[in-house]
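# Fold and contact review
Each chain, letter by letter, is given below.
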Amino acid sequence: MRMKATRQAYGEALVKLGKENKDVVVLEADLSKSTMTTFFQKEFPERHINVGIAEANLIGTAAGMATTGKIPFASTFAMFAAGRAFDQIRNSVAYPKLNVKICPTHAGISLGEDGGSHQSVEDIALMRAIPGMVILQPADATETEKIIFAAAKYEGPVYVRLGRLPVADIYNEGYDFEIGKASTLTEGNDVAIIATGLLVGEALKAAETLKEKGVNVRVINMSTIKPLDEETVLKAAKECKLVITSEEHSIVGGLGSAVSEFLSSNHPVKVIRHGINDVFGQSADGNVMLDKYGLRASNLVELVLKNI
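All of the points below concern the structure found in this document. (Residues numbered from 1 in each chain as written. Predicted model: local features only at pLDDT ≥ 70, side-chain atom pairs only at ≥ 80, totals over all residues. Heavy atoms only, no water.)

Across all of its chains, the model carries 16 salt bridges by this definition. For arginine 161, the salt bridge is made with aspartate 123, and the minimal N-O distance between the two is 2.8 Å. With a gap of 38 residues between them, arginine 161 in the loop between β7 (158-160) and β8 (166-168) and aspartate 123 in helix α7 (residues 123-128) connect regions that are remote in the sequence. Using a relative accessible area of 1% as the deciding quantity, one classes arginine 161 as buried. The buried category is assigned to aspartate 123, whose relative accessible area is 0%. Note that glutamate 202 and lysine 205 form a salt bridge whose closest N and O atoms lie 3.6 Å from each other. Of the two residues, glutamate 202 and lysine 205 are both situated in helix α9 (residues 199-212); the distance of three residues between them amounts to about one turn of the helix. Judged by its relative accessible area of 8%, glutamate 202 falls in the buried class. (Salt bridge = Lys/Arg side-chain N within 4 Å of Asp/Glu carboxyl O. Helix = DSSP H or I, 4+ residues; strand = E, 2+ residues; numbered from the N terminus. Buried < 20%, exposed > 50% of the residue type's maximum accessible area, 1.4 Å probe, protein only.)

Here it is, written out as structure tokens:
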């Protein structure tokens, strides 16, 4: 099975997109080798801009280019995009509803050795709070490409959350992605696991293990975190005995909060939020971090068996 990081798939998708749309430009904050926008730089050097280590300027410049009809994709690490440049994203991009695509990589604790200062565990919460911001997070390389092309067609600000670690393929090329629509990967009425990002793969592994134990799991890939696919969430809550959300993000303000907020008003049920429990990251290999913080299929299996 192919293993590819969503950041690499992002870099490759930009090249394909750039060949189809001459208005696509890519902006970078001196991290092109890490964010993989170096692929675009080699193919279209005149449409790639490195603003240097100046993330606020990165977003401000992208906003300015959007006013000229260009479709800017701005990339840096998630911690620097959502954190350092929050003011510019809010006031220079979202407030005037400009057509800027903010595509940070190295999100979550799987960033690894750079440690807690660089591991963004709160970026979804920050972006969710911004009016009109669309938030997307792919589960694999194939979905990454679909999301990048969909983001380019969408008119307005988009935040695409990408990761460092390689992840296994879930989808084939025939998969159709649509902003605002979740993807149900397995059927079951005992438990619904609503996952996003690299946790989708872990949820699928957990579903296999639980099936052997007689528990049928509905795995839902919520690759659009905002706007939330309320129809799919409501259906799962009504048809399943238990709802679990799973994300490589703080349980405060992320996917778990979005699902809980919606269900509390529309179909109150118990929702268990699986994620990072209101703590910062540490410095270690990305896979070690996922183990240490309990973001594995085995942890999901344990949660289900304790609560079903």
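Time to look at the layout of surface pockets. A probe as big as a water molecule, rolled over the atoms, marks out the empty space that is left. Roughly 340 Å³ of internal volume is contained in the largest pocket. Around the largest pocket sit 18 residues that line it, and Val167, Ala168, Gly201, Glu202 and Lys205 are the ones nearest its centre. When contributions to the lining of the largest pocket are tallied by element, the ones reaching two or more residues are β8, α9 and α12 (286-292). Looking at the lining of the largest pocket residue by residue, the classes come out as eleven nonpolar, two polar and five charged. (1 Å grid on protein atoms, 1.4 Å probe; cavity = no way out; pocket = protein on both sides within 12 Å on 5 of 7 lines; lining within 4 Å. Points joined across faces, edges and corners; volume = space filled by probe spheres on them. Nonpolar A, V, L, I, M, F, W, Y, C, P; charged D, E, K, R; others polar.)

Now for the nonpolar core. In this structure, Ile109, Val191, Ile193, Val217, Ile244 and Leu295 are the most contacted members of the largest nonpolar core, which totals 32 residues. Those elements giving two or more residues to this core turn out to be β10 (191-195), α9, β11 (217-221), β13 (242-250), β14 (271-276), α12 and α13 (297-307). In terms of residues, this core owes the most to one element, α9, which gives seven residues. Setting aside residues up to four positions removed in sequence, isoleucine 193 forms contacts with Ala203, Val217, Arg218, Val219, Ile220, Ile244, Ser246 and Leu300. Core analysis: the next-biggest nonpolar cluster, separate from the first, contains 29 residues, Ala62, Ala85, Ile102 and Met133 among them. (Core = buried A, V, L, I, M, F, W, Y, C linked by side-chain atoms within 4.5 Å. Contact = heavy atoms within 4.5 Å.)

The two faces of the sheet receive side chains in turn, since in a regular strand these alternate between them. For β13, the tally of buried residues reaches nine of nine residues, placing the bulk of the element in the interior. Relative to β13, β10 runs parallel, the two sharing five bridges. Across the sheet, the residue bridging to isoleucine 193 is isoleucine 244, located in β13. Where β13 meets β14, five bridges bridge the pair, whose relative direction is parallel. When the sheet's bridge partners are listed, threonine 245 is paired in β14 with arginine 273. (Pairing = 2+ DSSP bridges.)

Here the amide bond leading from lysine 226 into proline 227 is cis, since omega sits at 0°, within 30 degrees of zero. Residue placement: proline 227 occurs in the loop between β12 (224-226) and α10 (230-239). A positive phi is found at aspartate 30, a non-glycine position, where the angle reads about 65°. Along the chain, aspartate 30 turns up in the loop between β2 (24-28) and α2 (32-35). Look at aspartate 30 and you get partly exposed, because its relative accessible area is 43%. Positive phi, close to 60°, is recorded for lysine 97, a residue that is not glycine. Among the secondary structure elements, lysine 97 is positioned in the loop between α6 (86-94) and β5 (101-102). With a relative accessible area of 68%, lysine 97 lands in the exposed category.

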